[in-house]
Amino acid sequence: MSNRILIVFASKYGCTEKAALLLQARLDGAGLVNLKSGKLPDLTGYDTVILGGSIYYGKIRKEMAAFTAQHKQELLTKRLGLFICAGMTGEKGEQELKQAYPGIMYSKALAREIMGDEIYPDRISALDKWVIRMVKGKEHKTGGGLSMDKLERFAHTMAAGG
């Protein structure tokens, strides 16, 4: 049985893009679409769709929110995987993940994960640097990093079928 996989993501500063590329490398033949490029994917030829976005100010990227709203019914006919790149962990992180996608999609997803965060100081705005310092403290410089264990587990679940 063929399981055509498409990874659709929206990334502001590169962390979600890195996670999507790492997933693509682990999911043989998976397609990849960055919503920031403006190209909306045709979902027709895919059995599995993985959605990924970054969280800023408690919300998923606007491109991902618009995409899920516009394609919700079609996405619900697919095997779904959902992930976010975010600095929050534990209960607060889980809440951000749950709020990032429509509830019915969250419930249907085979895999849901908070991949962690990486902050690239040369790519972020002065305002975002200030906000990060206010939220995480002055010592927070580069993010906690992507969790390779979580990424591997997510990829395995999505490749396994089910």
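Definitions and cut-offs
What you see as residue numbers is a count from 1 along each chain, following the sequence as written. Reporting of local features is limited, given that this is a predicted model, to residues whose pLDDT is at least 70; pairs of side-chain atoms are given and counted only at 80 or more, and all residues count toward the totals for whole chains, interfaces and linings. Working from all heavy atoms in the structure, the side-chain values ignore hydrogens and water. Only DSSP runs of H or I with at least four residues qualify as helices, and only runs of E with at least two residues qualify as strands; both kinds are numbered from the N terminus onward. For every residue, the accessible area obtained with a 1.4 Å probe (protein chains only) is divided by the maximum for its type, and the residue is called buried under 20%, exposed over 50%, and partly exposed between those limits. Contacts between residues were defined by any pair of non-hydrogen atoms, one from each residue, lying within 4.5 Å. Lines fitted to the C-alpha atoms define the axes, with helices restricted to the stretch that makes contact. Angles between their N-to-C directions range from 0 to 180 degrees. If an angle is under 35 degrees, it is roughly parallel; if it is over 145, roughly antiparallel; if it lies from 65 to 115, roughly perpendicular; otherwise it is oblique. Left-handed is the label given to a crossing in which the near helix is rotated counterclockwise from the far helix by less than a right angle, and right-handed is the label when the rotation is clockwise. Gly counts as polar in this scheme, as do all residues outside two lists: the nonpolar Ala, Val, Leu, Ile, Met, Phe, Trp, Tyr, Cys and Pro, and the charged Asp, Glu, Lys and Arg.

(A) Highlighting the environment of N3. Its place among the elements puts N3 in the segment before β1 (5–10). On the basis of relative accessibility, which here comes to 24%, the residue N3 falls in the partly exposed class. Spatially, the C-alpha atom of N3 lies 7.4 Å from that of Y46, the residues being 43 residues apart in sequence. Setting aside chain neighbours within four positions, we find N3 in contact with D47, T48, R79, M158 and A159.

(B) Representation of the packing of helix α1 (residues 15–26) against helix α6 (residues 148–159) in the model. As a packed pair, α1 and α6 sit with axes 10 Å apart at the nearest point and diverge in direction by 45°. Classified by the angle their axes make, α1 and α6 are oblique. Taken as a pair, α1 and α6 cross one another with a handedness that is right-handed. Only M148, L151, E152, F154 and A155 of α6 make contact with α1, whose side of the interface consists of A19, L22, L23 and R26. Its residues assigned to classes, the contact of α1 with α6 shows seven nonpolar, no polar and two charged.

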